[in-house]
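Structural features, examined
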Amino acid sequence: MIESLDPGTLYPFGGAALFALGLHGLIRRRHLILRILAVNIMGSGVFMVFLGIAARGNAPPDPVAQALTLTGIVVAVSATAFALALTVHLARLTGYAVLLPGPLQTHRDSHPDDR
Amino acid sequence: MNAFILLGVPLLPLLLAAALSLRPGRAPLRLVPWAALPALLLAALGPEGKQASLPWLLTGVELGLDPIGRVFLALTAGLWLAAGVHALHERGEDPARRRFFVFFLLSMAGNLGLVLAQDAASFYLFFSLMSLSAWGLVVHKRTAEAWMAARLYLVLSVLGEVALFAGLMLAIHQAGGETTLAAIAAARPEGGAMVLLVLGLGIKAGMLGLHFWLPLAHPAAPIPASAVLSGAMIKAGLLGWMRLLPLDAAGHAVLGEVLVGLGLAAAFLGALAGLLQARPKTILAYSSISQMGLMTTGVGLALLLPAMREPLLFAVALYALHHGLAKGALFLAVDIAGRLPHSPAHRYVVLGLIVLPGLSLAGLPFTSGALAKDLLKAPLTTDSTGPVYTLLTLAAIGTTLLVLRFLWRLRRDLAPAAAPVPTGRWLPWALIAAMSLVLPAMAALTALAAPGVPLPGLADLSLLWPILAGLVLGALGGVMLREWMAHRLPEGDVAVLANTLIHATQGLYARVSPLREIRLHPRLRARLRRAQRVARHDLEWAERHMTRWGRLAVLFGLSLLGLYAAMALMP
Amino acid sequence: MNADGGLLLIAILASSLVPGLLIFFLPEERHGLRTLLNLSAAGIKLVLVGVLLLGVQRGETFEFGLTLLPGVDFVLAADALSLLFATLSSILWFVTTLYAIGYLEGSPRRSRFFGFFSLCVSATVGIALSGNLITFVIFYEILTLATWPLVVHRGTPEALRAGRLYLAYTVTSGLVLLAAVIALNLLAGSQPFASGGYLLHLPDELHGLLQIIGLALIAGFAVKAALIPLHSWLPQAMVAPAPVSALLHAVAVVKAGAFGIVRTLNDVFGLELAADLRLTDVLLVLAALTIVYGSIQALRAQDIKQRLAFSTVSQVSYIALGVAMAGPLGVIGGLVHLVHQGLTKITLFFCAGNFAETLGIHEIREMRGVGRRMPLTMAAFTVGGLGMIGLPPLAGFISKWYLGLGALEGEAAWILGILAMSSLLNAAYFLPPIIAGWMAEPEVTRPPAHKTRFESHWMLLFPTLFVAVLALLPGLLAGLELSPLGWVELIVERGYVLVPGGDMDNGTGVSP
Amino acid sequence: MSTASPDTLIFATGALAAVSLGLPLLASAWPWQARRIGLLGLPLAILGLLAAVGLFLDAAPGMDAPAVRVGLGGWEAPLGVTLHLDGLALAMLLLNALVALAGSLYARGYIHTAAGERQFWPLWLWLWGGLNLLVLSGDAFNLFITLEIASLSAVALVALTGDTDAVTGAMRYLLINLLGSLSFLLGAALLYGEFGVLDLQLLGELADDGPTVRMAAALMLGGLLMKAAVFPLHVWLATAHASAPAPVSGMLSGMVVAAMFYLILRLWLLIFAPLGTPALAVLLGLLGSAALVWGSLQALRAPRLKIVAAYSTVAQMGYITLAFPILILHPAAWPVVVFFAFAHGLAKAAVLMAAGTVQKAAGHDRMNALGPVLRARGRTVFALGLGGISLMGLPLTGGFLAKYLLLEAGLLAAADTTTIMQVWTALWVVMVALGSLLATAYILRMVAPAFAAGERNPGGHVSAGMEWMPLALAVGAAAMGLAGASLTGLLEHTTVAA
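Residues numbered from 1 in each chain as written. Chains lettered and ligands numbered in written order. Predicted model: local features only at pLDDT ≥ 70, side-chain atom pairs only at ≥ 80, totals over all residues. Heavy atoms only, no water.

**Digging into the pairing of strand β2 (residues 82-85) of chain D**
Residue and element names in this part refer to chain D. As a reminder, the rule being used: Under the scheme applied here, a residue whose accessible area is under 20% of the maximum for its type counts as buried, over 50% as exposed, and between as partly exposed, the area being computed with a 1.4 Å probe on protein chains only. Segments assigned H or I by DSSP are reported as helices when at least four residues long, segments assigned E as strands when at least two residues long, and all are numbered from the N terminus. A strand pair is defined by DSSP finding two or more bridges across the two strands.
Residues T82 and H84 point to one face of β2 and L83 and L85 to the other, with burial holding for every one of them. Note: strand β1 (residues 68-71) against β2, four bridges, orientation antiparallel. Bridge assignment links V68 to a residue of β2, and that residue is L85.

**Quick word on the interface of chain A and chain D**
To keep things clear, this is the line we draw: In this description, contact between two residues means that some pair of their heavy atoms is separated by no more than 4.5 Å. What counts as a salt bridge is simple: a side-chain nitrogen of Lys or Arg found within 4 Å of a carboxyl oxygen of Asp or Glu. Two N or O atoms form a polar contact when they lie within 3.5 Å of each other; inside protein one atom must be a possible hydrogen donor and the other a possible acceptor, and for residues adjacent in sequence the pair counts only when both atoms belong to side chains.
Facing 38 residues of chain A, the contacting portion of chain D comprises 35 residues. At the boundary of chain A and chain D, one finds zero salt bridges. Remark: the boundary between chain A and chain D carries two residue pairs in polar contact (both at pLDDT 80 or more). Counting only elements with at least two residues in the side of chain A that touches chain D, the list comes to α2 (7-28), α3 (32-54) and α4 (63-94) of chain A.

**What to know about a nonpolar patch on the surface**
Residue and element names in this part refer to chain A. Note the threshold: Each patch is built from salt-bridge-free residues with over 30% relative accessible area, joining like charges within 9 Å and nonpolar side chains (Val, Leu, Ile, Met, Phe, Trp, Tyr) within 5 Å. Residue burial considers only the protein chains on display, and all accessible areas are found by Shrake-Rupley using a 1.4 Å probe.
On the surface, I33, L34, L37 and L84 cluster together into a nonpolar patch covering about 310 Å² of accessible area. The element that contributes the greatest number of residues to the nonpolar patch is α3, accounting for three residues. Its location among the elements puts L34 in helix α3. The partly exposed category is assigned to L34, whose relative accessible area is 37%.

**Side note on a negative patch on the surface**
Residue and element names in this part refer to chain C. Put simply, the test is: Neither His nor the chain termini are counted; the positive set is Lys and Arg, and the negative set is Asp and Glu. For the purpose of locating charges, the reference atoms are NZ of Lys, CZ of Arg, CG of Asp and CD of Glu.
A cluster of acidic residues, D204, E205, E272 and D276, forms a negative patch on the protein surface. Tracing the sequence through the fold places D204 in the loop between α6 (157-188) and α7 (207-224). A relative accessible area of 57% places D204 in the exposed class.

**Notes on the pattern of salt bridges**
The tally for this structure, following the rule as stated, stands at 18 salt bridges over all chains. Here C:R278 ties to C:D281 by a salt bridge, and the two come within 3.3 Å at their closest N and O atoms. Owing to a relative accessible area of 31%, C:D281 belongs among the partly exposed residues under this scheme. One continuous salt-bridge network, built from bridges that share partners, spans B:E90, B:R91 and B:D94.

**What about the side chain of D:T425?**
All names here are of chain D. With respect to the helices and strands, T425 occurs in helix α17 (residues 419-451). A relative accessible area of 0% means that T425 is categorised as buried. Among the polar contacts made by the side chain of T425, one reaches the main-chain carbonyl oxygen of M421 at a distance of 2.5 Å. Not counting the four nearest positions on each side in its chain, T425 is found in contact with I326, L329, G410, A413 and A414.

**Here we look at the environment of C:L299**
In this fold, C:L299 is placed in helix α11 (residues 279-300). According to the relative accessible area criterion, C:L299 is partly exposed, its value standing at 23%. For the pair C:L299 and C:L129, spaced 170 residues apart in sequence, the C-alpha separation works out to 36 Å. The contact partners of C:L299, leaving out residues within four places of it in the chain, are B:Y509, C:R307, C:L425, C:A428 and C:Y429.

**Re the pairing of strand β1 (residues 63-69) of chain C**
Residue and element names in this part refer to chain C. Relative to strand β2 (residues 72-77), β1 runs antiparallel, the two being bridged by six bridges. Of the residues in β2, the one forming a bridge with L69 is V72. If you look at the hairpin formed by β1 and β2, you'll find two residues sitting between the two strands, and G71 has a positive phi there, around 85 degrees.

**Observations regarding the packing of aromatic side chains**
Using the following cut-off: Pairing of aromatic side chains here covers Phe, Tyr and the six-membered ring of Trp, requires ring centres within 6.5 Å, and sorts the geometry by plane angle: under 30 degrees stacked, over 60 edge-to-face, intermediate tilted.
The final tally for this structure, using the stated rule, is 45 aromatic pairs over all chains. With a centroid separation of 6.4 Å and an interplanar angle of 80 degrees, the aromatic rings of B:F103 and B:W135 are classed as edge-to-face. Within this pair, whereas B:F103 is found in helix α4 (residues 97-116), its partner B:W135 is found in helix α5 (residues 120-138), the two being separated by 32 residues in sequence. Of the residues examined, B:F103 reaches a relative accessible area of 17% and is grouped as buried. For the pair D:W268 and D:F324, a centre-to-centre distance of 5.6 Å together with 70 degrees between the ring planes defines the contact as edge-to-face. Highlighted residues: D:W268 in helix α10 (residues 246-272) and D:F324 in helix α12 (residues 305-329), separated in sequence by 56 residues. On the basis of relative accessibility, which here comes to 6%, the residue D:W268 falls in the buried class.

These figures capture arrangement, not role.
The following block contains the structure:
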């Protein structure tokens, strides 16, 4: 029981769970902000897996994985910033912070639940 | 050098025809008949067996002049010359005379070339040139009757040509690729080749069963054209037989019997059908069919009695010469009859010259007919061909009756000439009519000069009694059977059947056309278009449906699982 | 591979490709320069092909190679057979360019027309000069691409529909061909054309596969050769302007298909192997059916160009028939018909174009009495028509003559029957227009569109007459050395492994 | 020139990486000079690249390992970030350079507002730089980083016009990219967790076919397939294209999608090849065939020219997906993927830029109203047609060579496998043939109005660059037909897992 709580195994499984949770959120939620949050959750899930790997065994945590996680976080932050900027711009343009279906159909039937 | 002389004979009329059609203005019409002069000179003076091979022309053309060829050349050249001069005047004021003379020259070239041709390709070339351009002569007057006759003539001559082509192909194959006529004949064409050759040439020779275009074509064509058609052109079929059929030492019993049978049947039936005709030119047409029957019998006999083939073939050739000239004279006579001279003395001479070729046909002693019939019957003394001998003499009765019928029908058209008849119109006719006497005289002179040649029995009894019997029957027939003679046999007898056949096929073809190009049924095409529209709409809906973000993420999840499953779980 | 030889081949190709590309970028109103470019290109090509002709006759070899991919090389080579087709297309291109200039006077989009026209010819000559099967298929497809814009040149909805149909047929055939060529390449490696075929060394159990490949190749080429049932694009493509249907649909495109079949049977499989695989029998039956079917359909067609199109469908199968007979005489007949049919058919199409352009005649019915007003064109039509029927001394007769002998040499007398029947049918649909043209009274007298010194625009009339003479000469002077027949006999002597039992009439049934 | 010693090659690789990073940085620093930097820098970079290719081809035979490996900052493989230059990388760099150069010259005329230029050029150089680095990078994490750079700059370029459609399309594309990158990262993490090393070559040696490697493969391939717009996950491509500026959609369809397939191929050759089970072959085959048919049908239906081109990309990507099942059976045929990427890249960029020119001239790109403009602009239609011919795979174009190789590989693969796989492979071959038929249909739909009769008006003014660049690219795609042998030669020096 104890070993199962050891960070080497707990974090990877926790990370995987977070990844799946984030994916589910991405599917269910329609509001863009919530979708960006879901993506961040998935990101943090991946970073937890990395940290879990770094903390395996009782040796001091492996520095490479930590470096990678830091870089990953930096990338995630910049991507989220960009996404938020786009959402704000979209909200200013369309009044909704929701993805309207693309210009595929000829006429503009922007049906609300058709996001 | 001689190659170009021989080639020149058929080439001259061709060049003249080209000149005529290209420069309509200055009509070199005067020269038209004289295009046949070199051929006549060649026939008279040309040295024996002159071979001229032109490898570069077509598939290697061989031209040459053998004894039989010489006789046919003399006949063809002489008749075309006479008919040409006559046509100059007869067609004098016809507006479309230029077109008539172009076709006239083309047929002449074909006919002359045909006689000289020694190889299959050139024989077929000249044969089809003659056949097709003769169509132009038949249709010249462009009356309804002329169109109908010409169409039948064209259908039959095209069939004849294709049959001849196929026959030549088979024969050449059997001769191992050799294309000269001599080699083909030597290789004795068998089975399909022989049948096709006989039929192909038979159509042109007016063989029984394939003869029905003749009685329609002759009355439709202008007089000089039908003179040449009947006198020289149908002889081409006969010459073709003599060149291609296996007339060598072995002969061919079966073919011989068939030809003799067909020949005699044609002789009698032709005469009978001729009697029931009204127009003089149709009667002469049937007389040609009957006379060609006799010549076919001659060829048949040459096949049956290979020992006697040289004299028989020479006899057939001479018979063809005699018949050609006599028939040509009779055809021209139809025109002359309408333009008799005023002074009684001249009129009697003209009437005499009209009657002379007819009697010569019947075989009157001291005429070319007697000479030809005697030569034809001389080799038949042996008993094996007994019945043929008697039948030949009986045929003379038929011919006499036919000639009397012709003269009787011609009597109604006799009329004094309205305008003075130019010499060019009556002279050629008079010359070839006189040949009926000149020929036997020449034959007698050559017999006296050269001891080897036997004196021709010009006054044989067997020639005389058929004519007398014919005269008696004619007189009786004229009195008693007037009403029987009244009802007419439709001209060309079997032709009526052939025409209906042609109409039927055209009608059938137009109505029943299973082979229409596959066109989609309009209803089917409409349904197809609607299906397209529906598909277009569904595609757009499906695409928009997939674009919804939620579904995309689900699809992503599914594809991740699918990939993992494919890699991990499957074998 | 001598370098200068290869250069000559490239020069021949470039002589129509480069001017073509230049013409594309020529503004529409520069008529003089365009005509100059066109005619000089055609002239140069004619001269170069002439040089090549003499070279090949002397027995020199010309070759040009380029590897596209490892195991796939683009080879140009000139042997006697390729010269036959190359000479035909370059001569006829010169004449048709003149005709097209006259025909399209005053019509729009001529730069585009002549651009694609030159591309077509370079593709055709490419097909003639290709040294192996992959190069052949490459040019075969380029020909499709170059001819499509010409078919739809007029831009009418029917033209576009015909274009779609044409593209559907030819692209599919291209795919089938490509698959077959790749399979062959895998089996036997990238081999150049070798008379007598290069598949003889393959083991016997591969014969089943070779049969499938062979049938695929024949089917692929049959589309362009308009064999049954893949022919229906040709009558539809008659919507194209007259010079296109004359040069391309009667000569270049259709011949490319027939030439493909000849190359496949002779230089890929070799006649012997083709006979063992029964490819020749399949082709024989197919060609015979097409001959009869084409003629029957031609009999029904009322539009002149439709009738000529169906006649082309029937006549091109003569070539396939000839080659499929596998005997030397049959092959001679087939190959020589490749040239004769081209010459005769282009005459007929030029005449049809003349009638349409000068008097607005499109139907056979309207041809009554046309001989009086356009005698020279009618004379050319008559020469063409009689040539098609196969009457001596025209070119058609010579090929029919050798095909007949070839049929009997291969102990297949029924083919002679087919030839005879086809001649009858040809007569049935060519004689009526000729008769109506000369003899019949014209129904309605229509004054010619624009007064010209001759009966029609000189640029339309002189090519027609020139080509009519060309349709007469090969028949008349067939015995000459440089006549099509003489050249084909040179091909057969030089190239063919003759099926035993077939003896040449001049006794030179020699294997290579 | 004597054979270049290995260290000059190392210098060349480093230089390439430096330039790919340096130019975008420079452009971002001075945005108002960005246009000049781009127009001067790109040609120089390309000259350098050509020199590098020359050097590489001379030296390659001499070197034992086919690739040039450079540890950045002196840190060697297991720890440091390594650059990996081999034949495959050079080919992709070449393609990148060609399309980028053409796009830049085209963009010169296309974007002429000062603001537009200030925004466009930096992002354009970042996209080009990102793709170059992606091709050069040799370890999994570095791939993730460069993937992000390229994707984010692509999304930004799509959103450039700023109207609702563009931003919506960009947003959707961004979410797709994030999803794909994260799953790629998770895959990389699992690999690192299992083997403790991130360098691809070392991973190639260590990798067995355990469950974690399969999971990592599924995640990484799934992410990349989505970013490569393969069938079920292709919807973002059409919306992204609909409103993106022409050079961007040219680069997007031509290069970004092809780079994703490059990545899949690289991972496949080095690590995931042993995982190629028949079931995977069938799955990928089905996906590919579905992409071919669906993309073509949508292209036949799409109302606008640029969307037809977009769906044509989806269809053509189906071809590459179809190549993988054949690779599983016949591994030696992997250059097919590069040939397709190359041919499609050039041809599709030409078609999209031509479409851009037509849209600029006509003011819209509704297919049924483009007749007059198409009829008036012969050069653009010729580019459209020539590019289309390469997409159809008709002779003497790049597409033809690619189709030839694919069919050849298919027939070879069908020759020596179990009967079931033979049936499947035969199906793939038939689908390839069907694909080029469908391609003919939708290319004809684009080109046919130009040949229909009707009035012509050239529409608005279009700069010379926009007239000639599509034609140049189309001619390039056609000329590639003659350059097949040299491309194969280049690809021979590629590291393939033992």
